[in-house]
Amino acid sequence: MNLQTDPSQGESSDGAPLSEADSDSVVVRFAGDSGDGIQLLGGQFSQATALDNNSLATFPDFPAEIRAPTGTTYGVSAFQIKFGSRHIRTSGDAPDVLVALNPAALKVNYEQVLRGGLIILDTGSFGERNLKKAGFEVDPREDGTLKEYRTIEIDISALTLEATKPFDVTQKEALRAKNLWTLGLVDWMYGRSLDATETFITRKFGDSAISQANIAALKAGHAYGETAEVSGDIPQTRLGEVKFESGEYRLVSGAEALSWGLVAGCKLAGIDMTFCSYPITPSSPILHILSRLKNFGVTTFQAEDEIAAACSALGASYTGKMGITASSGPGIALKTEAIGLAISTELPLVIVDTQRAGQSTGLPTKTEQSDLFLTVWGRNADAPMPVLSARSPGDCFETAIEAVRLATKYMTPVFLLSDGYIANAAEPWLIPSMSDYEPFPVSHRTDPEGFQPFSRDDETLARPWVKPGTPGLMHRIGGIEKADGSGNISYDPDNHQLMTDLRFAKIDGIANDIPAQTVESGAEKGKLAVVGWGSTYGPINRAVTRMLAEGYDVSHIHIRHIWPLPANLIDLLHDFDEVLVAEMNKGQMLTFLRSQCGRPIEGHLKVNGQPLTIHEVQDAIRARLDK
């Protein structure tokens, strides 16, 4: 249930966004210093928007530094939200409205605003010192820098201090409420109720002076909007409600949906979960979320390092529980030997990789899709394992269940790919009923008759799963090659060939147990197929839908099961004259599909730490079909 349709937002000849308005949706970006509470501001506005029955998608964008120098461009934190009265699939290409709480926030973001768009500035922060720290030689309000935009200058800092004066708070504490003053103003601009935010503040701070001051700032910003309406300075817009599918909804982030999906998968399998990880951005929220779900049979363990986390999770799987570990690219690299051990011992294990921009530490708070090679091929020897990829925050729930199903059914580790954009973004999510899901209960071997630790199921080629201490089923497993059936250590060359072939055949057979690849938009054959995976789903789907409306012969194919690929995918790609892979790396899926298809495939590749945009994909389609 993602909601949106919007017209093309192309570019001018100099690369600047065109001033095209969308009557069905609005893109707002909040930006300020990393200490200004921008993410809280954006989160509370998103909550109010969802409660107002608009569809939405968000994009939190914050610096990697724990506390970059105040007032510098390095410390700018931003939160973008697109909301509207139709299905929204992306957080938007370019903002219609930018709220900049200091000069650095303006410096970093103003050129991305649609020409003719609205920029709201906190003039209280535009002193000479802050202007210089932001890199402005001259005040941009006075030298024509902002002439292509509508600007509204408000001394938000001073108005916040005035609103909080009656309460027993320090000036520092009062100024921290300027994000809530700003929220009150923007809530007024789009007809949002303040009730949910007031409730949030009261729950967080209780009946304290801090609570009273924050609520006063929120109401003061809202009242300012009403006052400014008299002179027409600030526009007020109310978008129509979306007719959602009947059910109960909540706003969900990718990290939340993925965590809950892992729990749901374990419940459907009928086993408890042991989650072991080491903190790393942007994967850490999964540990935080799961640590609060002990009543669902979840045990969490923060290990001393990435290797210990992976080995501990594998140890849990050996005991008969569902071992799960999570990290981002650098941590996954450290886990690879333990993952190889899981492949050798043929134990179920789910490894969540929330990808980020690299290499090494790279851009730890920015998004990228650069771990496909690492997950498909990044181990020593011939070590096959399934790889899945979630496409959106809500889809993380379904993909996590599928990862647990494959891991337990085929006795194999499984990679589950998310990325920084999906993990932090949020969208409305229809809370599912677990009665709609078919259980896949795990069966631990208890019968000692004819037991061999590496005997195999005729259908899946999975070996039996035995809990240690089960009477009559003592056995040994490990990283050294085992003899087929008995599991005894074997250096026989023919046996190694056989065991390698069996492990490959087990994973290859999964292709017959996953859905056939479908076309998301467009015809099943034609001139051009745009192929994506992961978080590129929204922009590709929106771009293809727009181009279809313009009469272009183009289709969208999105891959969830990366390895093994769906059995019909190669034939499907051969039904198109051209194939274009759009992804956020230097061509990993592109190279992968070329290796499997044996046909020319082109790529639209982006590696700047920012999500793919709709107009980028549209331009790539035009470049190939307007020849």
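Residues numbered from 1 in each chain as written. Predicted model: local features only at pLDDT ≥ 70, side-chain atom pairs only at ≥ 80, totals over all residues. Heavy atoms only, no water.

Digging into the pattern of salt bridges
Reasoning step 1: Per the stated rule, a full pass over the model turns up 25 salt bridges.
Reasoning step 2: Lys-132 is the salt-bridge partner of Glu-128, the closest N and O atoms lying 3.4 Å from each other. Highlighted residues: Glu-128 and Lys-132, both in helix α3 (residues 128-133), separated by four residues, approximately one helical turn. For the residue pair Glu-128 and Lys-132, the accessibility class agrees, reading exposed in each case. (Salt bridge = Lys/Arg side-chain N within 4 Å of Asp/Glu carboxyl O. Helix = DSSP H or I, 4+ residues; strand = E, 2+ residues; numbered from the N terminus. Buried < 20%, exposed > 50% of the residue type's maximum accessible area, 1.4 Å probe, protein only.)

Describing helix α9 (residues 254-269)
Reasoning step 1: An ideal rise of 1.5 Å per residue puts 22 Å on 16 residues; α9 measures up with 22 Å between its terminal C-alpha atoms.
Reasoning step 2: Here α9 lies mainly inside the structure; 13 of its 16 residues are buried.
Reasoning step 3: Trailing α9 by a residue or two, Gly-270 shows a phi angle of about 75 degrees, which is positive. (Expected span 1.5 Å × (residues − 1).)

Quick word on the sheet that holds strand β5 (residues 118-122)
Reasoning step 1: Reading across from one edge, β2-β3-β1-β4-β5-β6 is the order of the six strands in this open sheet, with mixed pairing throughout. A single partner strand is all that each edge strand has here, and the edge strands are β2 (55-61) and β6 (150-154). Within the sheet, the average angular offset between the axes of one strand and its neighbour, ignoring direction, is 15 degrees.
Reasoning step 2: Lying over the sheet, helix α6 (residues 178-189) contacts β1 (25-33), β4 (97-100), β5 and β6, oriented at roughly 150 degrees with respect to β5. (Pairing = 2+ DSSP bridges. Axes fitted to C-alpha atoms, helices over the stretch in contact; angles between N-to-C directions. Contact = heavy atoms within 4.5 Å.)

A closer look at the packing of aromatic side chains
Reasoning step 1: What the rule picks out here adds up to 14 aromatic pairs.
Reasoning step 2: Relative to Tyr-249, the ring of Phe-244 lies with its centre 5.2 Å away and its plane at 50 degrees, an arrangement referred to as tilted.
Reasoning step 3: Arranged with centres 5.6 Å apart and planes meeting at 40 degrees, the rings of Phe-373 and Trp-377 form a pair that is tilted. You can see Phe-373 and its partner Trp-377 sitting in helix α13 (residues 372-377), four residues apart, about one turn around the helix.
Reasoning step 4: Of the residues examined, Phe-373 reaches a relative accessible area of 31% and is grouped as partly exposed.
Reasoning step 5: For Trp-377, a relative accessible area of 45% corresponds to the partly exposed category.
Reasoning step 6: Among the aromatic residues, ring-to-ring pairing joins Phe-30, Phe-45, Phe-83 and Tyr-190 into one connected group.
Reasoning step 7: Directly above the aromatic system of Phe-136 lies the positively charged group of Lys-107, at a separation of 4.8 Å from the ring centroid.
Reasoning step 8: Lys-204 extends its terminal NZ or CZ atom over the ring of Phe-205, reaching a point 5.8 Å from the ring centre. (Phe/Tyr/Trp six-rings, centres within 6.5 Å; stacked < 30°, edge-to-face > 60°. Lys NZ or Arg CZ within 6 Å of the ring centre and 35° of its normal.)

As for the confidence of the model for the protein
Reasoning step 1: Looking at the protein as a whole, the pLDDT averages 94, with 96% of positions reaching at least 70.
Reasoning step 2: Low pLDDT (under 50) marks residues 1-21, which in the prediction has 72 contacts with non-local residues, meaning those over four places away or in another chain. (pLDDT = per-residue confidence, 0-100.)

Some points on the packing of α9 against helix α14 (residues 395-410)
Reasoning step 1: Relative orientation of the contacting elements α9 and α14 amounts to 35 degrees, with a least axis distance of 7 Å. When you trace α9 past α14, the crossing you get is right-handed. Listed contacts from α14 to Gly-254, Ala-257, Leu-258, Trp-260, Gly-261, Leu-262, Ala-264, Gly-265, Cys-266, Leu-268 and Ala-269 of α9 are Cys-396, Phe-397, Ala-400, Ile-401 and Val-404. (Left-handed = near helix turned anticlockwise from the far one by under 90°.)

Comments concerning the layout of surface pockets
Reasoning step 1: Each pocket or cavity is described by its volume, and for the largest pocket that value is around 850 Å³.
Reasoning step 2: In terms of lining, the largest pocket is formed by 43 residues, of which the most central are Arg-29, Phe-59, Asp-61, Gln-112 and Gln-610.
Reasoning step 3: Those elements that provide at least two residues to the lining of the largest pocket are β2, β3 (76-84), α2 (103-109) and α20 (614-625).
Reasoning step 4: Its residues placed into classes, the lining of the largest pocket shows 18 nonpolar, 16 polar and nine charged.
Reasoning step 5: Of the volumes computed, that of the second largest pocket is approximately 690 Å³.
Reasoning step 6: Lining the second largest pocket we find 27 residues, and of these Ser-253, Glu-256, Ala-423, Asn-424 and Ala-426 sit closest to its centre.
Reasoning step 7: Among the secondary structure elements, those contributing two or more residues to the lining of the second largest pocket are α1 (38-51), β2, α7 (195-205), β7 (249-253), α9, α10 (284-290) and α15 (420-424). (1 Å grid on protein atoms, 1.4 Å probe; cavity = no way out; pocket = protein on both sides within 12 Å on 5 of 7 lines; lining within 4 Å. Points joined across faces, edges and corners; volume = space filled by probe spheres on them. Nonpolar A, V, L, I, M, F, W, Y, C, P; charged D, E, K, R; others polar.)

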